[in-house]
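Structure at a glance
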Amino acid sequence: MTSFFNETPFIFPYNKNSVKRWVKSVAKSEDKEAGNINYIFCDDEYLHKINVEYLQHDTLTDIITFDYTEGKVLHSDIYISVERVKENAEIFKVPFQRELLRVLAHGLLHLCGYKDKTPKDSALMRQKEEEMMLLFDQL
């Protein structure tokens, strides 16, 4: 089950049921099953504290994915900084909703085993993000 939580005031710009169907489709496209996936929307300060406490990274980030996957069943808490997504949308000159969808996909792809620490891995992650965004557009 996919759930949505707010740690900061935020109006989710998508139909939640559509996103839940999409999460299942993304998982299925990667030969996985969507289990308990929690999206938690927060601000920079909230996510920064998590980044420092759990990952020992003293930086701002747009997403942190805690992976509790069991076998092929995806389970996770995915924290997303709404502030970072807004800023990145401006930097990349894309609508906020589109950048948010990219970040939602990014978290799911991490659960499916994709990495983004090397240039090669990052390029594959970007390609898969685009594929998953197109999958959403087709629902």
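Quick look at the structure, then. Quick caveat, the model's predicted, so the values are computed rather than measured. (Residues numbered from 1 in each chain as written. Predicted model: local features only at pLDDT ≥ 70, side-chain atom pairs only at ≥ 80, totals over all residues. Heavy atoms only, no water.)

Here the focus is the packing of aromatic side chains. Any pair of aromatic rings gets described here by the distance separating the centres and the angle formed by the planes. The final tally for this structure, using the stated rule, is 13 aromatic pairs. Where F4 meets F12, the ring centres are 4.9 Å apart and the plane angle is 40°; that geometry is what we call tilted. The exposure classification of F4 matches that of F12, with both residues buried. One aromatic cluster is present, built from ring pairs that chain together F4, F10, F12, Y14, W22, Y39, F41, F96 and F136. (Phe/Tyr/Trp six-rings, centres within 6.5 Å; stacked < 30°, edge-to-face > 60°. Buried < 20%, exposed > 50% of the residue type's maximum accessible area, 1.4 Å probe, protein only.)

Moving on, we come to the pattern of salt bridges. Tallying each qualifying case throughout the model produces 11 salt bridges. In this structure, E30 engages K128 in a salt bridge whose closest nitrogen and oxygen atoms are separated by 2.9 Å. Linking E30 in the loop between α1 (16-29) and β2 (33-42) with K128 in helix α5 (residues 119-138), this pair joins segments that are 98 residues apart in sequence. A single burial state applies to E30 and to K128, both of which are buried. The salt bridge involving E87 is made with R84; its shortest N-O contact spans 3.1 Å. Taken together, the residues span about one helical turn, with E87 and R84 both in helix α3 (residues 82-92) at a distance of 3 residues. With relative accessibility at 35%, the residue E87 sits in the partly exposed group. Overlapping salt bridges bring together D62, E99, R102, R126 and E129 as one network. (Salt bridge = Lys/Arg side-chain N within 4 Å of Asp/Glu carboxyl O. Helix = DSSP H or I, 4+ residues; strand = E, 2+ residues; numbered from the N terminus.)

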